[in-house]
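Per-entry structural report
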Amino acid sequence: MTQELNIPDPFNITSYFIDRNLEEGRGGNTAIREAGRQWSYNDLARLVNRTGNGFRELHLDAEDRIVIAAPDSAEFIAAFFGAAKIGAIPIPVNTFVKPEDFVYFLNDSRARAFVIQDDLWPSVAPLLADVPDLEHVLVLPSVPAETQEVAAEPMAQAHYNFHRLTDVINSGSENLEAEQTSKDDLAFFLYTSGSTGGPKGAVHLQHDMFVSTELYARGILEIQESDICFSASKLFFAYGLGNGSYFPFSVGASAVYNPHRPKPEIILDHVGQFQPTLFFSVPTLYAALLHAEAGADFSSVRFAVSAGEALPGEIFHRFKDEFGVSILDGIGSTEMLHIFISNRKDDIHPGSSGKLVPGYEARIVDDNGDSLPHSEIGNLWVKGDSAAAFYWRKHDKSKQTMLGEWLVTGDKYMIDENGYFHYAGRTDDMMRCSGQWVSPVEVENALIVHPAVLEAAVVGREDSDELIKPKAYIVLKNSSSPPTEDELRNFLRKKLAGYKVPRWFEYVEDLPKTATGKIQRYRLRS
C-alpha cells in the first residue's frame, strides 16, 4: 500500500532542504564540495537568498519559469533553490543538447528568464530571436567570477535584458523570506524525451522531493548527516537532482560536484579526491570505470547506486570483485522523480531491478490494463506520491500516461516468483543509452539528410558489456559508393548529442515495413 507521509503545509522546497539545516544547527556542515571551493550550509543559504532576491529585482515572481542550463555547481543550486524560494519555477535542462533544443525548452515552457553557462552562450545567442517571451538572459562564467570575467555579450538589438549571473547574485540581499507555497503548488519542471514530438515537461509539485527523500533516500539508502554524495549523473537529470542536491540536503550531508562531462578519468579523480560514501552512476559508466586504465580507490563508498538503464549482472559482479562495492540497481523515471523499485543492502539480486521501494505500488498489466500473473511480461504501472502532476502543455499525453493514481511507465517488466522485478524492454521503440532516452526517429531523420542515405532504421543492440547502444540499418542511394562509418559518425555528431550517434552501421538492400509503409523495427531487433 502507498505509505502515508506527514507532509507539512505550507511547504517550500528551499525552506525544507536549505534553511532547515540552519534552524536545526547544521549551518556549519559542508554542503557542497568542488575542486578549489567549499560551501557550508550557512554559505549556501546566503548564496541562495542573494540569488532569489536578485531574481526579484528583475521582477521575476511566483510561477514565472526560469530555464537553467548550467554545470553542476553551487551556482546551479543557487539558481534552482533561489527561484523556488520566491515561488518561481526552476527548469534545469540538459547542457549537452544542440543549441536548437534550448529554443524548444524556452518556447515550450514560456520562460521569462534563462540562466546559461558562458561556453554555451555563443552558439545559442543567435537563435534567441525566435524566443519572443524571453525577458532576461543571465550568463554564468565557467570559472569563479573572482578569477575571470564573463566574455559573453548580448546580440545586437536583443529583445531581452542581458546580465551576468554573478552580478545579479551580488546585488541581492542575504535575507529572504520564503514564498508561502502549498505542498501542492508547482515547484519545478524536468524535461523527458518521448518517441514522438518534442520533449515533455514533467511538472513536479512542492511535496515530490519530500516523498522521494523519505521513501528512497531515508528508507533504502539510510542517508546520514555524515554522508558525502557524489553523482556522476548531472543535476539536470531527475536522478542526479536527487543524488546531488535534495538527498544530501535533507540531512545536512555533503554533495560533491563535477562541472565537466562524466569521463571515467574525471570520475575516478573525484572519487579519490573527495572520498564519497554514496556514489551514483549509470551502467554505461560503471562498465567504463572497469575498463579505465587508472586505478581507483572506492574504499570510502558504502553504497554504489545505479539507475537510468538495466544493470547487467556481469557488471555488478565485476565491479564488486574489482572494488569491493555492491551496486544497488533500481528503476526510476523523470515522471516519478526518482527510484521506486530497487535492490537494497541486505537484499541484492544481480540482474534484476530489485523490489518495490516501500511506499510505492506497481502493477504488471496487459494492453487492456488487466493484471498479469508472476513470470509474465507486461506493462509496468506504478503509483506513488512523488509522481508528476501532468506534462506541461501536453494534455493528451498526460491523459495517456497518468491514469488516475497510476503512471504508465512505458517499460516492459516481469515479476519472478520471489517478487523481484526484471526489465524486459520498452513498450515502444525508445532506447536507453548511457542513461538517457534515444528516439530512433530522431537519429533516422538525421541520417537521411546525408546525401548517400536513402532510408534508415535505428534499433538498440547490446555491446560486449550487455549495455544498449544504437545500431543503424541503412539503405543507400547508390550502393557502389558507400560512405565510411567514420564519415557517418562525423556527420551525425554535428546534428546529434554524442550518445545518440550509432555504435554500428549496417548496409541493407531494404527495410522491413508494414503494408502502410511503417518500419518494423522489432524485426531488426530479432
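The following paragraphs examine the structure supplied in this document. Predicted model, so just to flag it, every value in this text is computed and none were measured. (Residues numbered from 1 in each chain as written. Predicted model: local features only at pLDDT ≥ 70, side-chain atom pairs only at ≥ 80, totals over all residues. Heavy atoms only, no water.)

What follows concerns the pairing of strand β10 (residues 228-231). Here β10 shows a buried face lined by Ile228 and Phe230 and a second buried face lined by Cys229 and Ser231. Of the strand pairs in this sheet, β10 and strand β11 (residues 254-256) are connected by three bridges, and their pairing is parallel. Opposite isoleucine 228, over in β11, you have serine 254 as the bridge partner. Viewed along the sheet, the connection from β10 through helix α8 (residues 238-249) into β11 turns out right-handed. Pairing geometry for β10 and strand β12 (residues 278-281), over three bridges, is parallel. Residue cysteine 229 lies in a different strand from β12, and its bridge partner there is leucine 278. (Buried < 20%, exposed > 50% of the residue type's maximum accessible area, 1.4 Å probe, protein only. Helix = DSSP H or I, 4+ residues; strand = E, 2+ residues; numbered from the N terminus. Pairing = 2+ DSSP bridges. Right-handed = clockwise from strand over helix to strand, strands pointing away.)

What follows is about a negative patch on the surface. A surface patch of like charges, here negative, comprises Glu314, Asp321, Glu322, Glu462 and Glu466. By secondary structure assignment, the location of glutamate 314 is in helix α11 (residues 313-323). (Patch = residues over 30% accessible without salt bridge, like charges linked within 9 Å, V, L, I, M, F, W, Y side chains within 5 Å. Areas by Shrake-Rupley, 256 points an atom, 1.4 Å probe, with all protein chains shown as cover. Salt bridge = Lys/Arg side-chain N within 4 Å of Asp/Glu carboxyl O. Lys, Arg positive; Asp, Glu negative; His and termini not counted. Charge placed at Lys NZ, Arg CZ, Asp CG, Glu CD.)

What follows is about helix α1 (residues 13-23). In terms of residue burial, α1 counts as a mostly covered element, since eight of its eleven residues are buried. Looking only at α1, the buried set comprises Ile13, Thr14, Tyr16, Phe17, Ile18, Asp19, Arg20 and Asn21. In this structure, the buried side of α1 is in contact with α2 (41-57), α3 (74-85), β8 (186-192), α7 (208-218) and α8. Phi turns positive one or two residues past the end of α1, at glycine 25, with a value near 85°. (Contact = heavy atoms within 4.5 Å.)

A separate point is the sheet that holds β8. Overall, antiparallel pairing links the three strands, which are arranged β8-β9-β19 in an open sheet. On the outer flanks of this sheet lie β8 and β19 (390-391), each paired with one strand and no other. By the bridge criterion, six bridges tie β8 to strand β9 (residues 200-205) in an arrangement that is antiparallel. Bridge assignment links phenylalanine 188 to a residue of β9, and that residue is histidine 204.

Glancing now at the nonpolar core. Counting residues in each nonpolar core, the largest one holds 114 residues, and the members touching the most others are Ile13, Phe249, Phe279 and Phe298. Looking at this core element by element, the count peaks at nine residues for α3. Residues within four places of phenylalanine 298 in sequence aside, it is in contact with Leu268, Val271, Phe279, Leu289, Phe319, Phe323 and Val325. By size, the runner-up hydrophobic cluster in this structure holds 28 residues, among which are Val97, Leu120, Val139 and Tyr160. (Core = buried A, V, L, I, M, F, W, Y, C linked by side-chain atoms within 4.5 Å.)

Taking strand neighbours across the sheet as the criterion, the nine strands line up as β2-β1-β11-β10-β12-β13-β14-β15-β16 in an open arrangement whose pairing is mixed. Among the strands making up the open sheet, the edge pair consists of β2 (37-40) and β16 (355-356). Most of the contacts of helix α9 (residues 264-274) go to β10, to which it runs at about 175°, and overall it touches β1 (30-34), β10, β11 and β12. (Axes fitted to C-alpha atoms, helices over the stretch in contact; angles between N-to-C directions.)

The subject of this paragraph is the pattern of salt bridges. According to the stated counting rule, one finds 26 salt bridges in the structure shown. The residue arginine 37 makes a salt bridge to glutamate 75 at a minimum N-O spacing of 2.9 Å. Placement of the pair is arginine 37 in strand β2 and glutamate 75 in helix α3, with a sequence separation of 38 residues. For the pair formed by arginine 37 and glutamate 75, the shared burial category is buried. Two residues, glutamate 444 and arginine 521, come together in a salt bridge whose shortest N-O distance is 2.9 Å. With glutamate 444 in helix α13 (residues 440-447) and arginine 521 in helix α15 (residues 521-525), this pair connects stretches of sequence that are 77 residues apart. Like glutamate 444, the residue arginine 521 is buried in the burial classification. Salt bridges sharing common partners tie together Arg20, Glu24 and Arg26.

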